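# Report on the structure
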Amino acid sequence: MKRPIRPLPALILLSLCLLAGCASRPPEPGWALDAQAAAGRATEAYLSGDTRVADLEWSRARAEVARTGRPDLLARVELLRCAAQKAALDLQACPAFEALRPDAAPPERAYADYLAGRLAPADAALLPPAQRQAASAAQAGAGAIAIAGIEDPLSRLVAAAVAVQAGHADDALLASAAEAASARGWRRPLLAWLGLRARLAAERGDGAGAAALQRRIALVESQGAPPRR
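In this report, the structure presented in the accompanying data block is examined. Small disclaimer: the values here were computed from a predicted structure and weren't measured.

A few words on the overall build of the protein. Per the secondary structure count, the protein includes twelve helices and zero strands. Counted from the first residue to the last, the protein has its helices and strands arranged as α-α-α-α-α-α-α-α-α-α-α-α. Relative to its 229 residues, the protein shows a buried fraction of 44%. Excluding contacts between residues fewer than 6 apart, the proportion of contacts in the protein whose partners are at least 24 apart in sequence is 55%. Accessible area of the protein: about 11800 Å², with a carbon and sulfur share of 58%.

Structure (structure tokens):
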């Protein structure tokens, strides 16, 4: 039985739309369609925990875009990859994008700055809608509430990770991020967010809460294997 194809989250669709130029006519060229497909598969594989497939598909996406000789388009691919990593609480820098920054468009530079936690307030208008909402709310001190209200799961995870990076996240926000990953079956970010919640619960003396979270972590890590007796 073939696995049903799940719709891509809005952040992925937005990034791929920017990559191919959705408003352009005539129909998209082959490289754009192939790059879109590879980037979508790479993102899903990474979030699902399949690093080998993710790396292979990112390489395919970059190769297709490189055919155009346009580093600004390649910068968009690298930003999508950085966003996926951020969603899984990988808060490292994005050197592949930084190498392309001189040729990137202002919205891409603003998004990279947002992911790095150094977005200038004046550049918030350049962000995708969900991240613009989260950034504006954070400036007003209501970022956690706004992030929890983001419907798209990947967008919510990215915004929550940026909030964690800035030291502004509470347990309600962490729980909201974990449930967004859980609903999609994204093992990598789910383990990261559950792990962070468990550590913080232990630090504040909530042994029962930490134990419950560890049981969820163990279930995800077991991949459904029956427990040992």
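Residues Tyr111, Tyr114, Leu157, Val158 and Trp193 are the most contacted members of the largest nonpolar core, which totals 66 residues. At ten residues, the largest contribution of residues to this core is made by helix 4 (residues 71-87).

So, on to helix 10 (residues 171-184). For helix 10, spanning 14 residues, the distance from its first C-alpha to its last is 20 Å, which sits close to the expected 20 Å at 1.5 Å a residue. Within helix 10 the residues assigned to the buried category are Leu173, Leu174, Ala175, Ser176, Ala177, Ala178, Ala180, Ala181 and Arg184. Looking at the residues trailing helix 10, positive phi occurs at Gly185, about 70°.

What follows is about unusual backbone geometry. One non-glycine residue, Leu89, lies in positive phi territory at about 60°. A relative accessible area of 19% means that Leu89 is categorised as buried.

As a further point, take the pattern of salt bridges. According to the stated counting rule, one finds 16 salt bridges in the structure shown. Of the charged contacts in the structure, one is a salt bridge between Arg184 and Glu44, with a shortest N-O distance of 3.9 Å. With Arg184 in helix 10 and Glu44 in helix 2 (residues 30-48), the pair connects residues that are 140 residues apart, well separated along the chain. As far as the burial class goes, Arg184 and Glu44 line up, both buried. With a closest N to O distance of 3.1 Å, Asp113 and Arg118 form a salt bridge. Sharing partners across several salt bridges, the network here consists of Glu98, Arg101, Asp113 and Arg118.

What follows concerns the state of the cysteines. Summed over all chains, the structure comprises one disulfide. Residue Cys82 pairs covalently with Cys94 via a disulfide, S to S 2.3 Å. Taken together, the positions of Cys82 in helix 4 and Cys94 in the loop between helix 4 and helix 5 (95-98) put the pair twelve residues apart, joining distant regions of the chain.

Calculation notes
In this convention, every chain numbers its residues from 1, walking through the sequence in written order. Given that the model is predicted, a residue must reach a pLDDT of at least 70 before its local features are reported, and side-chain atom pairs must reach 80 or more before they are shown or counted; all residues, however, enter totals for whole chains, interfaces and linings. With hydrogens and water stripped out, all remaining heavy atoms of the structure feed into the side-chain values. A helix here means a DSSP run of H or I that spans at least four residues, while a strand means a run of E at least two residues long, and both kinds are numbered starting from the N terminus. Buried residues are those whose accessible area, probed at 1.4 Å on protein chains only, stays under 20% of the maximum for their type, while exposed residues exceed 50% and partly exposed ones sit between those limits. Two residues form a contact once any of their heavy atoms are found within 4.5 Å. Here the open area of atoms and residues is found with the Shrake-Rupley method and a 1.4 Å probe, where only the protein chains shown may cover a residue. For our purposes a nonpolar core is just a set of buried Ala, Val, Leu, Ile, Met, Phe, Trp, Tyr and Cys residues, chained together by side-chain atoms within 4.5 Å. Every helix has an expected span of 1.5 Å times one less than the residues it contains. What makes a salt bridge here is a side-chain nitrogen of Lys or Arg within 4 Å of a carboxyl oxygen of Asp or Glu, nothing more. Here, the term disulfide refers to a pair of cysteine sulfur atoms separated by no more than 2.5 Å.

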